[in-house]
Amino acid sequence: MKSTISVGITGMGSSIPDKVVTNDDLSKIVDTSDEWIRTRSGIRERRIVDENTATSDLCTEAAKKALIDANVNAKDIDLIIVATVTADMAFPSTACIVQKNIEATNAAAFDMSVGCSGFLYGVATGANFIKAGVYKKVLVIGAEVLSKILDWEDRSTCVLFGDGAGACILEECNDGYGILSYDLGADGKSGHLLTQPAGGSRMPASHKTIDERLHYVHMEGKEVFKSAVRVMESTSLQALKKANMELEDIDFLIPHQANERIIKSAAKRLKISDDRVYMNLDKYGNMSSASIPIALDEAYRNGLIKKGDILLLVAFGAGFTWASVILKWEK
Ligand code: ACO
């Protein structure tokens, strides 16, 4: 039976490390330049955690802000989903660490490994628990400390990423608002183009894997670029179709913040004008699963999006995975 429960975002929060690393800073450690990074990616600077900070610390700060924004008590949270590829450790899950930190003692908790599409996969999953009548309040977090898995000797990857966390609270909302549709997808055949090869059961940590720098991000940038533009368009069109909407109905596109050229190409294919596209990657770089919730939180707190606006959130990432969500904003 089709659920009659509408689910929306009732609170948002983010956590962004204080330390700013500029392109000029990076040009002192690898053979690169501000000009190369800006023109190829649009990134000017990124935020990086200190050595004592882990993903769960950023999650905890973002979650506490989202709870305040939604006016929800942590004890009333039924489920915590953390989307991340940089969990504190293999187990326990980062979601369980967050559950302890915020004292959400009544919540179930699990992590999702979906790369940059993780936050949107989390939102779709959390919303379905509410629609099914199983849970009432779900905390979804997208969080990454990518700086700790980057090869700071590889100029083709280390200049692109940053650290951060964004969180939202999902609850039942007024009819016609909230999540209108979503589209999720994956293409495991292309997974090898973006990996952290070692540290799992295929290639456990050893002196050899460390010597061969296999615990870092490995990426075929050009191939990722081409797929990204294609799937951002196709998944957006799928979500629109499911919502029975046209491109003209979209007030704002809030895309995954990987590369300005990818975003502009996708927006052009979707015929969405620049003034309706939210971008903040110049300040933060690519924060993987944290990019979309942080962009959404910023756009909301800066008063850019208002009640009734139709938002298209769209991401692609490691896996490969992709996801899009159409949301009628109610806050
Ligand atoms: N500084 C200077 N030169 C560099 C740098 C750098 N930081 N990095 C690479 N180069 C060099 C390369 O070595 C190459 O030199 P060569 O021609 O002598 O071999 C040259 O620049 C051109 O490299 P390309 O890879 O062709 O550059 P391209 O225009 O494709 O841009 C980039 C590279 C920015 C990585 C682009 O391919 C890209 O953004 N790809 C998508 C990446 C992405 O979005 N990843 C994340 C997606 S999923 C997720 O978010 C986890």
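Preceding this paragraph is the structure being described.
Residues numbered from 1 in each chain as written. Predicted model: local features only at pLDDT ≥ 70, side-chain atom pairs only at ≥ 80, totals over all residues. Heavy atoms only, no water.

A. The state of the cysteines, seen in detail. What the rule picks out here adds up to zero disulfides. A disulfide-free cysteine, cysteine 96 has its sulfur positioned 12 Å from the sulfur of cysteine 59, the nearest such atom. (Disulfide = S-S within 2.5 Å.)

B. Broad picture of the nonpolar core. Membership of the largest hydrophobic core comes to 44 residues, with the highest contact counts inside it found for Ile250, Leu253, Ile272, Phe316 and Ile326. Counting residues per element, this core draws most heavily on helix H8 (residues 221–243), at eight residues. For leucine 253, the contacting residues outside a window of four places in its chain are Ala267, Ile272, Arg276, Val277, Tyr278, Leu312 and Val314. With 35 residues, the next largest nonpolar core counts Val114, Phe119, Ile254 and Ile292 among its residues. (Core = buried A, V, L, I, M, F, W, Y, C linked by side-chain atoms within 4.5 Å. Buried < 20%, exposed > 50% of the residue type's maximum accessible area, 1.4 Å probe, protein only. Helix = DSSP H or I, 4+ residues; strand = E, 2+ residues; numbered from the N terminus. Contact = heavy atoms within 4.5 Å.)

C. Representation of the site of the ligand within the structure. Surrounding the ligand, one finds 23 residues, the nearest of these being Thr32, Cys116, Lys222, Asn259 and Asn286. Take lysine 222: an N or O atom from its side chain is 2.7 Å from an oxygen atom of the ligand. Histidine 256 is positioned with one of its side-chain polar atoms (N or O) 2.9 Å from an oxygen atom of the ligand. Look at the ligand: alone it shows 1,000 Å² of surface, and the protein chains cover 74% of it. Counting residues per element, the ones that place at least two in the shell around the ligand are helix H2 (34–41), helix H6 (155–158), H8, helix H9 (260–269) and strand S12 (310–317). Classifying every residue of the shell around the ligand gives eleven nonpolar, seven polar and five charged. (Near = heavy atom within 4 Å. Polar contact = N/O pair within 3.5 Å; in protein donor to acceptor, adjacent residues only side chain to side chain. Areas by Shrake-Rupley, 256 points an atom, 1.4 Å probe, with all protein chains shown as cover. Nonpolar A, V, L, I, M, F, W, Y, C, P; charged D, E, K, R; others polar.)

D. Quick look at the pattern of salt bridges. Tallied over the entire structure, the rule returns 18 salt bridges. As a salt-bridge pair, lysine 264 and glutamate 260 come within 3.2 Å of each other at their nearest N and O atoms. Residue lysine 264 and its partner glutamate 260 are located together in helix H9, separated by four residues, close to a single helical turn. The exposure class of glutamate 260 is partly exposed, given its relative accessible area of 24%. When salt bridges that share partners are traced, they join Asp151, Glu153 and Arg213 into one network. (Salt bridge = Lys/Arg side-chain N within 4 Å of Asp/Glu carboxyl O.)

E. Spatial organisation of the sheet that holds strand S6 (residues 138–145). Spatially, the five strands line up as an open sheet ordered S1-S7-S6-S4-S5, and their pairing is mixed. The open sheet is flanked by strand S1 (6–15) and strand S5 (108–112), the only strands paired with a single partner. Recorded for the sheet is a direction-independent mean angle of 20° between the axes of neighbouring strands. Note: S6 against strand S7 (residues 163–173), eight bridges, orientation antiparallel. Its bridge partner lying in S7, isoleucine 141 is registered against alanine 167. Across the sheet, helix H5 (residues 118–131) is in contact with S1, strand S4 (79–83), S5, S6 and S7; its angle to S7 comes to roughly 20°. Lying over the sheet, helix H11 (residues 291–301) contacts S1, S6 and S7, oriented at roughly 95° with respect to S1. (Pairing = 2+ DSSP bridges. Axes fitted to C-alpha atoms, helices over the stretch in contact; angles between N-to-C directions.)

F. Representation of the sheet that holds strand S13 (residues 321–328) within the structure. Taken together, the four strands give an open sheet; going across it, the order is S8-S13-S12-S11, and neighbouring strands pair in mixed fashion. Each of the sheet's edge strands pairs with one partner strand only, and the pair in question is strand S8 (178–186) and strand S11 (252–255). Ignoring which end each strand starts from, the neighbouring axes of this sheet average 15° apart. Across the sheet, H5 touches S8, S12 and S13, and the angle it forms with S8 is around 125°. Contacts from H8 reach S8, S11, S12 and S13 within the one sheet, and its direction differs from that of S8 by about 140°.

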